[in-house]
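Here are the chains, one letter per residue:
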Amino acid sequence: MKTITLIQPWATLILQEDKKIETRSWNTNYRGKLAIHAGLKVDKTVFNDPFYQLLLENYSINDIPKGRIIAICELVDCIPTEKIRDTLSDKEIKLGNYSSGRFAWILRNVISIEPSIPTKGMLGLWTYKGSKALETKQQY
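What you see is a predicted model, and the numbers here were worked out from it, not measured in a lab.

Novice: How should the pairing of strand 2 (residues 21-24) be read in this particular structure?
Specialist: It is a general feature of regular strands that their side chains alternate between the two faces of the sheet. Across the two faces of strand 2 the burial is the same, with Ile 21 and Thr 23 and Glu 22 and Arg 24 all buried. Taken together, the four bridges between strand 2 and strand 5 (residues 103-118) define a ladder with antiparallel strand orientation. Within the sheet, the bridge partner assigned to Thr 23 lies in strand 5 and is Ala 104.

Novice: Explain the packing of aromatic side chains to me, please; I cannot follow it from the model alone.
Specialist: We describe a pair of aromatic rings using the distance from one ring centre to the other and the angle between the two ring planes. Within the structure shown, the criterion is met by three aromatic pairs. Considering the side-chain rings of Trp 26 and Trp 105, the 4.8 Å spacing of their centres and the 90° angle between planes classify their relative orientation as edge-to-face. Taken together, the residues span a long stretch of sequence, with Trp 26 in the loop between strand 2 and strand 3 (32-42) and Trp 105 in strand 5 at a distance of 79 residues. Relative to Tyr 52, the ring of Phe 51 lies with its centre 4.9 Å away and its plane at 85°, an arrangement referred to as edge-to-face. Given a relative accessible area of 25%, Phe 51 falls into the partly exposed group. For Tyr 52, a relative accessible area of 7% puts it in the buried group.

Novice: What should I look at first to understand the UniProt feature "domain: ASCH" (unreviewed entry) in the protein in this one?
Specialist: Mapped onto this structure's residue numbering, the UniProt feature "domain: ASCH" (unreviewed entry) falls at residues 5-87. The distance from the first to the last C-alpha atom of residues 5-87 is 26 Å, and the span holds 19% helix and 39% strand.

Novice: What exactly am I supposed to notice about the layout of surface pockets here?
Specialist: To find leftover empty space, a probe the size of one water molecule is rolled over the atoms. The computed volume of the largest pocket comes to approximately 390 Å³. Around the largest pocket sit 23 residues that line it, and Thr 5, Leu 6, Ile 7, Trp 10 and Arg 24 are the ones nearest its centre. Looking at the lining of the largest pocket, the elements that each hand over two or more residues are strand 1 (2-8), strand 2 and strand 3. With four residues, strand 3 is the largest single contributor of residues to the lining of the largest pocket.

Novice: Quick question: what am I supposed to make of the pattern of salt bridges here?
Specialist: Pairs may arise between side chains of opposite charge once their charged atoms sit close together. All chains considered together, the criterion is met by five salt bridges. Linking Glu 22 and Arg 24 is a salt bridge whose minimum nitrogen-to-oxygen distance equals 3.0 Å. Exposure class is identical for Glu 22 and Arg 24. Each is buried. The closest approach of N and O atoms between Asp 49 and Lys 94, which form a salt bridge, is 3.4 Å. Residue Asp 49 is found in the loop between strand 3 and helix 2 (50-55), and its partner Lys 94 is found in helix 4 (residues 90-94); the two are separated by 45 residues along the sequence. What makes Asp 49 partly exposed here is its relative accessible area of 22%.

Novice: Even after reading the chapter, I still don't get the sheet that holds strand 2, so can you show me in this structure?
Specialist: Whenever strands of a sheet pair, they do so through backbone hydrogen bonds, lying parallel or antiparallel. Read across the sheet, six strands follow the order 2-5-4-3-1-6 without closing on themselves; strand pairing throughout is mixed. One side of each edge strand has no neighbouring strand; the edge strands of this open sheet are strand 2 and strand 6 (125-127). Ignoring strand direction, the axes of neighbouring strands in this sheet form an average angle of 45°. Taken together, the ten bridges between strand 4 (residues 68-80) and strand 5 define a ladder with antiparallel strand orientation. Looking across to strand 5, one finds that Pro 80 is bridged to Phe 103.

Novice: Would you explain unusual backbone geometry in this entry?
Specialist: Excluding glycine, most residues fall at negative phi; most peptide bonds, likewise, are trans. The residue after Gln 8, namely Pro 9, is reached through a cis peptide bond having omega 10°. Within the secondary structure layout, Pro 9 lies in the loop between strand 1 and helix 1 (10-15). Glu 114 connects to Pro 115 through a cis peptide bond whose omega is -5°. Of note, the phi angle at Glu 17 is positive, near 65°, even though the residue is not glycine. One non-glycine residue, Asn 109, adopts positive backbone phi at about 55°. The residue Asn 109 is located in strand 5 in this model. Among the residues examined, Asn 109 registers a relative accessible area of 44% and is labelled partly exposed.

Reading guide: rules and limits
Residues numbered from 1 in each chain as written. Predicted model: local features only at pLDDT ≥ 70, side-chain atom pairs only at ≥ 80, totals over all residues. Heavy atoms only, no water. Buried < 20%, exposed > 50% of the residue type's maximum accessible area, 1.4 Å probe, protein only. Helix = DSSP H or I, 4+ residues; strand = E, 2+ residues; numbered from the N terminus. Pairing = 2+ DSSP bridges. Phe/Tyr/Trp six-rings, centres within 6.5 Å; stacked < 30°, edge-to-face > 60°. UniProt positions renumbered as here; feature names shortened; annotations may be inferred. 1 Å grid on protein atoms, 1.4 Å probe; cavity = no way out; pocket = protein on both sides within 12 Å on 5 of 7 lines; lining within 4 Å. Points joined across faces, edges and corners; volume = space filled by probe spheres on them. Salt bridge = Lys/Arg side-chain N within 4 Å of Asp/Glu carboxyl O. Axes fitted to C-alpha atoms, helices over the stretch in contact; angles between N-to-C directions.

In structure tokens, the structure reads:
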């Protein structure tokens, strides 16, 4: 299954469905099921911001999932940020980088993976080799 690794807490914010759009510097033609991998790196500055503290009230820097596939969703579209940013809420704008020249990956139908699957992440869009395990956990 196609997978993307995200620095935490962005992966968890997708899992919680607070973040519905992932912004990237690169486009993809891929559409379909996408596993969300929480990388080992954590953006610690986020945990000092009251906006994010409210969204992440159930997590701390120490206990947020890391090095694990935590969710499956659908990547339904990939749109240049210039075409979408004026239609987004302030909340969604704060949860991504909508600078010109970037791409908005539109995510839908997020499903939590319980238990999450420990695995090493990779750069870019990559294929998780244990896809059969993920497919049995899906509820699509």
